[in-house]
Structures are given as structure tokens and as C-alpha cells.
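# What the coordinates show
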Amino acid sequence: MKFTEFGLNEDLLEAISYMNFEKASEIQEKAIPEIMKGHDLIGCAQTGTGKTAAFVLPTLHKIAEEKTKGINTLVVVPTRELAMQIDQQIQGLAYFTHTSSYAVYGGGDGVSWEAERRALSGGADIIIATPGRLISHMMNDYVNFSTVKHLILDEADRMLDIGFYDDIVNIISKLPKDRQSLMFSATMAPKIRKLAKEILKSPIEINLAVSKPAAGVTQKVYLANESQKTPLVKDILADKDNFKSIIIFCSTKKKVEQLTRVLKNKRYSVAGVSSDYEQEIREKVLLSFRARTTRIVVATDVLSRGIDIKDINLVINYDVPNDPEDYVHRIGRTARAETKGLAITFVNEDDMRKFQRIEEFIEIQMEKLQPPEHLGPGPQWMQASPKNIRNGKRPWSKNKPGFKGKKGNAPRHQKPSPKK
Ligand code: AMP
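Residues numbered from 1 in each chain as written. Predicted model: local features only at pLDDT ≥ 70, side-chain atom pairs only at ≥ 80, totals over all residues. Heavy atoms only, no water.

One open sheet accounts for seven strands, arranged S3-S4-S2-S5-S6-S1-S7; its pairing is parallel. Both edges of this open sheet fall to strand S3 (101-104) and strand S7 (204-207), since each of them pairs with a single strand only. For this sheet, the mean inter-axis angle between neighbouring strands, taken without regard to orientation, is 15°. Where strand S1 (residues 41-44) lies against strand S6 (residues 180-185), four bridges are found, and the strand directions are parallel. Paired with Cys 44 across the strands is Ser 185, a residue of S6. The strands touched by helix H4 (residues 80-93) are strand S2 (73-76), S3 and strand S4 (126-129); relative to S3, the strand with the most contacts, the crossing angle is about 175°. (Pairing = 2+ DSSP bridges. Helix = DSSP H or I, 4+ residues; strand = E, 2+ residues; numbered from the N terminus. Axes fitted to C-alpha atoms, helices over the stretch in contact; angles between N-to-C directions. Contact = heavy atoms within 4.5 Å.)

A separate point is the sheet that holds strand S10 (residues 270-273). Across the sheet, which stays open at both edges, the seven strands sit in the order S10-S11-S9-S12-S13-S8-S14 with parallel pairing between neighbours. Looking at the sheet topology across the chains shown, the edges are occupied by S10 and strand S14 (368-369). Across four bridges, strand S12 (residues 314-317) lies against strand S13 (residues 341-347) in parallel orientation. Among the inter-strand pairings, Leu 314 is bridged to a residue of S13, identified as Leu 342. Running at roughly 150° to S12, helix H13 (residues 324-331) makes contact with strand S8 (217-223), strand S9 (246-249), S12 and S13 of the sheet.

For the coordinates displayed, the defined rule picks out nine aromatic pairs. Ring centres of Tyr 222 and Phe 346 lie 6.4 Å apart, and the angle between their planes is 75°; this geometry places the pair in the edge-to-face category. Of the two residues, Tyr 222 is situated in strand S8 and Phe 346 in strand S13; the sequence distance between them amounts to 124 residues. Across the pair, exposure class does not vary: Tyr 222 and Phe 346 are buried alike. Ring plane angle 90° and centroid distance 6.4 Å describe the contact between Phe 355 and Trp 381, whose orientation is recorded as edge-to-face. Remark: Trp 381 occurs in the loop between S14 and helix H15 (386-390) and Phe 355 occurs in helix H14 (residues 352-362); sequence separation between them is 26 residues. Summarising the burial analysis for this pair, Phe 355 and Trp 381 share the class buried. Through a chain of ring-to-ring contacts, three or more aromatic side chains come together here, namely Phe 3, Phe 6 and Phe 21. Lying across the ring of Phe 243, Lys 240 places its NZ or CZ 5.9 Å from the centre. (Phe/Tyr/Trp six-rings, centres within 6.5 Å; stacked < 30°, edge-to-face > 60°. Buried < 20%, exposed > 50% of the residue type's maximum accessible area, 1.4 Å probe, protein only. Lys NZ or Arg CZ within 6 Å of the ring centre and 35° of its normal.)

Next comes the structure, spelled out in C-alpha cells:
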């Protein structure tokens with residue numbers, strides 16, 4: 001479907017053509033007409049599908065038509081990075097209009113607080129905000145939401161995972177009742193349906209094929225012991241000179257630190273990103289990664305969702321993500337806008353069960369590769385099946401005899417230690 005068929009105003013069509021969007025993506029084709037009609041909507045779509053433009057374009061169209069004063073649209077998002085990214089897309093698409101937007105995410109200094117205060121007093125048409133920072137501002141009486149006509153919750157599932165439920169409900173309670181509300185989420189988990197029921201009025205539901213990695217990603221899995229992972233990264237990178245943008249996800253800040261150091265010593269162009277780093281440094285790293293000045297970013301999952309960096313050639317999951325949806329989001333960094341990408345995941349013995357859940361979730365069983373011979377053998381894959389478990393074979397070592405896990409995790413045949 002062509003963008004000209006939506007009835008969007010000329011200024012927006014001009015921006016779309018400057019951005020080289022030739023035809024609407026599936027979510028855009030389905031969502032834009034419904035949003036234009038004024039319906040509430042719940043859209044189940046992952047990042048990389050063009051969902052941002054799907055809600056930004058009709059919103060910008062309405063703002064141009066309605067010629068409202070004060071804040072017209074509030075977009076609530078889980079992370080600062082996503083807030084900045086949506087703001088950038090709005091600025092691009094609104095280039096030929098007179099619409100203004102402001103991202104409110106904090107982490108900055110008094111200067112940014114002051115600028116945010118002005119925007120929230122009615123100085124911007126669109127506010128894109130993270131819940132925590134927005135709530136901090138809302139403690140003051142300058143926040144003026146009386147003119148809000150559109151509410152958008154993006155990556156709603158992520159916001160609930162982080163624990164923003166009460167904040168979101170609190171924010172929404174301060175908005176005018178007469179408004180259009182849109183909610184986007186990568187999944188339709190029961191908690192999302194509950195939130196949708198509370199805030200949306202007779203919503204149109206749009207479901208894209210959810211939680212499947214974008215077509216075009218080649219997925220590989222290595223069974224690797226913890227001590228083999230760093231040598232394996234070096235091995236993989238050794239013959240990937242033509243891969244210009246690479247992200248490596250680790251489960252902890254410490255691993256990010258260590259791996260970044262190892263790769264720096266190997267003279268790779270590499271930077272680390274985790275929540276330990278100051279916001280300003282995180283932004284700098286992202287900028288230089290986008291500009292292809294930094295080739296490799298090692299990150300915890302602050303980067304896993306929603307961040308739009310084009311043409312990442314390779315994602316390495318140094319550790320298996322806890323949440324199957326995170327796996328999809330991470331490898332969604334590659335193969336965006338229909339390009340090809342490679343995603344490699346390292347699975348150690350402890351993570352086999354977790355990885356099996358991912359395979360069940362995406363409904364793909366992957367070939368499990370052994371590390372190259374010179375790194376020695378990795379662990380053997382063991383499928384968690386009722387038979388294996390009955391026979392005492394535990395595919396995840398936490399349940400092996402002797403594991404001193406949390407209360408309740410202890411294998412049944414292990415005697416409780418006598419009370420002293
Ligand atoms: P999103 O899913 O919103 O994160 O968008 C993913 C990327 O696709 C962004 O870089 C958009 O600029 C780009 N994009 C969005 N819509 C289109 C389209 N219709 N044609 C080509 N690229 C698009």
C-alpha cells in the first residue's frame with residue numbers, strides 16, 4: 001500500500017518521501033487507517049516492523065488538522081533510549097510541519113530539567129517520556145495535560161516488566177478522559193490485556209505474527225562452557241572483517257566490562273554500555289556506533305529493545321537472555337528493514353533449559369554447534385523431557401544433586417540437612 005492512499009497531509013508525504021519509505025509496512029497498513037478514524041487500538045508488533053511511524057504519522061496528521069494549543073500527545077515509553085529514538089523519528093517525519101516534540105527522560109542535569117519543565121508546561125505538541133521522570137515532574141503543578149488528546153504507550157510489555165504498572169495508571173489518571181489511546185506491545189500477555197482493558201475504549205486489535213525473529217536473520221547456537229565464551233568471541237570476530245556493526249549482549253555489567261577490556265586489548269574498535277555508565281556516555285557510544293565510528297558494542301540488555309540502529313551485521317548473545325521475548329528483541333537488531341543479519345548465541349550447561357524455552361517460544365529448533373576443535377569440546381546438549389528427568393538426567397545443572405539453590409529448588413532425593 002502506498003502512503004498516498006492514507007489521506008495524510010502533504011507535509012507528511014513529503015517527509016516520507018525524503019525518508020525513502022516507499023510503501024507502508026504491514027503494521028502501518030493496518031494501524032494508520034484505524035488511528036486516523038479515531039479508534040483506540042492495541043497493536044501487537046515487535047520492533048523493526050515500522051510501528052513507530054505507524055503511530056507517529058496519523059498523530060502528526062491529526063495535530064496538523066486539529067491545530068491544537070498545548071500538549072496534544074503523550075507518548076510513554078520504558079527507556080531513555082527509546083524516548084530519544086522516537087523523538088528523532090518524530091522530528092524527521094514532522095520536518096515540514098510546525099509540530100514540536102520533546103523527550104523527557106531525565107538522567108541529565110538541571111538544564112535538562114528546566115527544558116523538560118517548559119515542554120511539560122505546554123511548550124511542545126508531543127511529549128515522549130519515561131514514567132519515572134514524568135512522575136517526578138508531575139509532583140509539581142506546572143505539568144499541564146488538560147489539552148492532551150492522544151495517549152500512546154509503546155513497548156507496554158516492557159514497561160510492565162520493569163514494574164511501571166502503578167506509575168502508568170497514575171499518569172493516565174491525570175489525563176483528560178476524552179482522548180484516543182493507543183497501546184503497542186511485543187506480546188499479548190494476560191497482564192497486557194488487563195492494562196488494555198483498563199485504559200482503552202473498544203479498541204481495534206492488530207496482531208502481527210508475534211515473537212518470531214524477523215525473516216532474514218541467520219541464527220546459530222554454540223554449546224560453550226563459560227571459560228570458552230571469550231575465546232569463542234575472538235574466534236568469531238577473527239574472520240568477520242567485513243562486519244561493520246556488531247553488538248554483544250552479556251548478562252551482567254561485570255561481563256560487559258571484562259569483555260570490552262579483552263577486545264580493546266585486541267585492538268578492536270569497541271565500547272561497553274550498561275546502566276553503570278552515565279547517560280551522557282551511553283548516548284555518545286550509541287552515536288558513534290550509529291555513525292560506524294565504533295564497530296563493536298558490548299552491552300547488557302539496556303540496548304536489547306526498541307533501539308533502532310540500522311544494519312547491524314552480527315549480534316552475539318554471550319549469555320542466553322532470561323526472557324524468550326528478549327531473545328527475539330536482541331536478534332531483531334539485525335535484519336532490520338529487510339536486510340540480512342547473523343545472530344549467534346552461546347549456551348552453557350546451566351542455560352540449556354532457558355534456551356529450550358526460547359526454541360519453544362519461537363517454534364524453531366536450532367542446530368547446536370560445538371566450539372572449534374582448538375577450544376576443546378563444549379557441553380553436550382540435553383533436551384529437557386519428562387523421560388530424561390525421570391531417569392535422573394538433568395539438562396540444567398541447577399537441578400543436579402548437590403545444587404544448593406533457593407529453598408524449594410533442591411532435588412527431592414536430597415535429604416534436608418538436620419537442624420542443629
Ligand atoms: P520501528 O519498528 O518503528 O523501530 O522501525 C524500524 C525502522 O524501519 C526505522 O528505521 C524506520 O525508519 C524504518 N521504517 C519505518 N517504516 C518504514 C517503511 N514504510 N519503509 C521503510 N522503512 C521504514
